[in-house]
Amino acid sequence: MGQKNYSVLTSIIASVCIFVYLAALVYAGIKLYVSIDERRVMAEREFFDLADRATSAGVLGFMDQPFITAIEDAIAESRTIEGVIISGPDGEYAFEREGGGTIAWVNGSPRFKSRPDLIRDPLFLPLRIEGLRNGNIRAAALAVDYSLVAGVLKQALIMVLAALALAFFTLLLESLAGKGRWTDISPPGKDHFDPLAGRPLRQDEISPRSRYSRYRPAAREAPVPPAAPPAVKAEPAAAPEILRETEGEAPSPGENRGVLPRENDEAGPRGLFSPHGNIGWEDYTLERLAAELHRCASFEQDLVFIVMEFRNLKSSDDGFYNEFADEAVNFFTLRDLIFEKGERGISIIYPNIDLDMGFTKAEEFHSRLMSKYSFASKTDLCIGISSRSGRLVDAERIVFEASEALARALKDPVSHIVAFKSDPEKYREFIRTKGSG
């Protein structure tokens, strides 16, 4: 309910901001239009006054010093007149407020420049001076009041900044209030797809928890232990033939190295975390991996499964194994998705990253251990990686691929990390072929 209220509040604030933006734009447009219209009227009034002063000064002598002074004073006192051109029997004469800004000389004759901020049609009147024939006066007036434009733009900017500040603080409050909540991330009206069953879940199969994300921003939910340990076979069922990859042939089927329980755990897991490393029990790996694959497939996210194993680590080195497990928890920050793997290794479920990012993370963790502890060779710790890669694949398959990649790394005297790279299209074709057969 709280999330819904915040969504409504966000919509209201967004509407208010859009309204303020449009209001600022309309306000600026109206103010500029009214200003231009007022200045046009003002320019006509000032031009008529200029023509009267020129006529009065012309009685004392056309283009004598009193006449020139009267024209220059009229231009200086005007708020709109930028330039004046006077025609007489002996030629044309130009006056302007700023030299070269309004009048250009073409073949010895003055002409008004084509400026977008000037009134389009120049003002024109004949000079009625006694004894003067063919005397005319023309003027160019400024249509834009730049001081007014600056003020209008400042006011509009203040309105826009106020709306942006309101939107920012609303988004910040919503983000802070949303932390730590369970967030429904299921698309409304969309069926929940079960990648293990290969079909959408029916409504009666969807539990209330399945509709919600398993993740909190601050801490991850710990896995819930089953009532009884799952039955695990030492030899898995016949695994489907591994597809050939673009970079070479995949490993041949072999022992599933990721799910075998240790001999000293015959009584089964007790509690959330094993005392051997304080990480998840190995028997929980498949169950939690299947759940994460289901969730990632529902929301079209990738997932990487990483298995690590020391080449030579004795069962008596529990102290070092605990340090190794703590290093993994501190680096990957996913204690509830890190599990034991035999006596010498661990398994890591890393959702929402692709194979390349998983390989980079594994390489960084390996380098971190190599720099902190003394090892004879990089291959003392080997890593195998597999990923969902857009496939509807089950947990057993992912574990098998990562385990086979680890087996190759353990056999290789040079490469300490091997990633199983699948081709989604070939895999889908393989599944279709298998289903039709």
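Because the structure is a prediction, the values reported are computed rather than measured. (Residues numbered from 1 in each chain as written. Predicted model: local features only at pLDDT ≥ 70, side-chain atom pairs only at ≥ 80, totals over all residues. Heavy atoms only, no water.)

Draft legend 1. Here's a closer look at the overall build of the chain. When you go through the chain residue by residue, the secondary structure sums to eight helices and 13 strands. A separation of at least 24 residues holds for 70% of the contacts in the chain among residues at least 6 apart in sequence. (Helix = DSSP H or I, 4+ residues; strand = E, 2+ residues; numbered from the N terminus. Contact = heavy atoms within 4.5 Å.)

Draft legend 2. Representation of unusual backbone geometry within the structure. The phi angle at E300 is positive, at roughly 55°, despite the residue not being glycine. We note that N352 has phi near 65°; this positive angle belongs to a residue other than glycine. Turning to its location among the elements, N352 is positioned in the loop between β11 (345-351) and α6 (355-372). When its relative accessible area of 51% is taken as the criterion, N352 is described as exposed. (Buried < 20%, exposed > 50% of the residue type's maximum accessible area, 1.4 Å probe, protein only.)

Draft legend 3. Focus on helix α2 (residues 65-77). Its 13 residues give α2 an end-to-end C-alpha distance of 18 Å, which sits within 8% of 18 Å, the value for a rise of 1.5 Å per residue. For α2, the complete set of buried residues consists of F67, I68, A70, I71, A74 and I75. All buried residues of α2 project into a common sector of 160° when viewed along the axis, lining one side. Exposed positions of α2 whose direction lies more than 90 degrees from the buried face are Q65, A76 and E77. (Expected span 1.5 Å × (residues − 1). Arc of directions from axis to C-beta.)

Draft legend 4. A look at a nonpolar patch on the surface. A contiguous nonpolar patch, built from V8, I12, V16 and L166 and spanning about 310 Å² of accessible area, is present on the exposed surface. Among the elements that line the nonpolar patch, the one with the most residues is helix α1 (residues 2-58), at three residues. You can see I12 is positioned in helix α1. (Patch = residues over 30% accessible without salt bridge, like charges linked within 9 Å, V, L, I, M, F, W, Y side chains within 5 Å. Areas by Shrake-Rupley, 256 points an atom, 1.4 Å probe, with all protein chains shown as cover. Salt bridge = Lys/Arg side-chain N within 4 Å of Asp/Glu carboxyl O.)

Draft legend 5. The arrangement of the packing of helix α5 (residues 318-332) against α6 in detail. Taken N-terminus to C-terminus, the directions of α5 and α6 make an angle of 135°; their axes are 11 Å apart at the nearest point. Taken together, the axes of α5 and α6 lie oblique to each other. In terms of crossing hand, the pair formed by α5 and α6 is right-handed. Packed against α5, whose contacting residues are F324, E327, A328, N330, F331 and F332, the element α6 presents K361, E364, F365, R368, L369 and K372 at the interface. Across the contact of α5 with α6, the residue classes tally to six nonpolar, one polar and five charged. (Axes fitted to C-alpha atoms, helices over the stretch in contact; angles between N-to-C directions. Parallel < 35°, antiparallel > 145°, perpendicular 65-115°, else oblique. Left-handed = near helix turned anticlockwise from the far one by under 90°. Nonpolar A, V, L, I, M, F, W, Y, C, P; charged D, E, K, R; others polar.)

Draft legend 6. Summary view of the environment of L132. On the secondary structure map, L132 appears in the loop between β5 (123-126) and β6 (136-141). Note on L132: relative accessible area 15%, which makes it buried. Sequence separation between L132 and G88 is 44 residues; the distance between their C-alpha atoms is 7.5 Å.

Draft legend 7. Just the nonpolar core, in detail. In terms of nonpolar packing, the biggest core is built from 53 residues, with L289, M308, F324, F332 and I346 touching the most fellow members. For this core, the leading source of residues is helix α7 (residues 395-411), giving eight residues. Excluding anything up to four places from it in sequence, F332 contacts I306, M308, I338, I348, Y350, K361 and F365. (Core = buried A, V, L, I, M, F, W, Y, C linked by side-chain atoms within 4.5 Å.)

Draft legend 8. Broad picture of the pattern of salt bridges. Throughout the structure, instances matching the rule amount to 15 salt bridges. Between R115 and D117 there is a salt bridge; the shortest N-O distance is 2.9 Å. The class for R115 is partly exposed, based on a relative accessible area of 25%. Judged by relative accessible area, which is 9%, D117 ranks as buried. Beyond isolated ion pairs, a larger network of salt bridges with shared partners links R288, E292, R295 and D336.

Draft legend 9. Up close: the sheet that holds β5. Taken in spatial order, the four strands line up as β2-β1-β6-β5 in an open sheet, and their pairing is antiparallel. Only two strands of the sheet have a single partner each, and these edge strands are β2 (91-96) and β5. Adjacent strand axes in the sheet meet at a mean angle of 15° when their direction is disregarded. Looking at chain direction, β5 and β6 are connected through four bridges and run antiparallel. Along β6, the bridge assignment pairs L125 with I137. Lying over the sheet, α2 contacts β1 (81-88) and β2, oriented at roughly 40° with respect to β2. (Pairing = 2+ DSSP bridges.)

Draft legend 10. View of the confidence of the model for the chain. Here the chain averages 76 in pLDDT, and 73% of its residues register 70 or above. pLDDT under 50 marks residues 179-193. Its contacts with residues more than four places away, or in other chains, come to 38 contacts. The low-confidence segment residues 205-265 (pLDDT under 50) makes 124 contacts with residues lying over four places distant or belonging to another chain. (pLDDT = per-residue confidence, 0-100.)

Draft legend 11. Quick look at the packing of aromatic side chains. Applying the stated criterion across every chain yields a total of 16 aromatic pairs. When the centroid spacing of 5.5 Å and the interplanar angle of 70° are considered together, the rings of F168 and F169 count as edge-to-face. By relative accessible area, which is 51% here, F168 ends up exposed. Taking the centre distance of 6.4 Å and the plane angle of 75° together, the rings of Y373 and F375 count as edge-to-face. For Y373, a relative accessible area of 16% corresponds to the buried category. When its relative accessible area of 25% is taken as the criterion, F375 is described as partly exposed. (Phe/Tyr/Trp six-rings, centres within 6.5 Å; stacked < 30°, edge-to-face > 60°.)

Draft legend 12. A look at the side chain of D380. For D380, the location among the structural elements is in the loop between α6 and β12 (381-387). Buried within the structure, D380 lacks any salt-bridge partner; its nearest side chain of opposite charge belongs to R311, at an N-O separation of 4.9 Å. (Lys, Arg positive; Asp, Glu negative; His and termini not counted.)

Draft legend 13. Just the side chain of H366, in detail. With respect to the helices and strands, H366 occurs in helix α6. Classification of H366 as buried rests on a relative accessible area of 1%. Looking at H366, its side chain comes within polar contact range of the main-chain oxygen of K378, at 2.9 Å. Among residues more than four places away in sequence, those in contact with H366 are K378, L381, I383 and H416. (Polar contact = N/O pair within 3.5 Å; in protein donor to acceptor, adjacent residues only side chain to side chain.)

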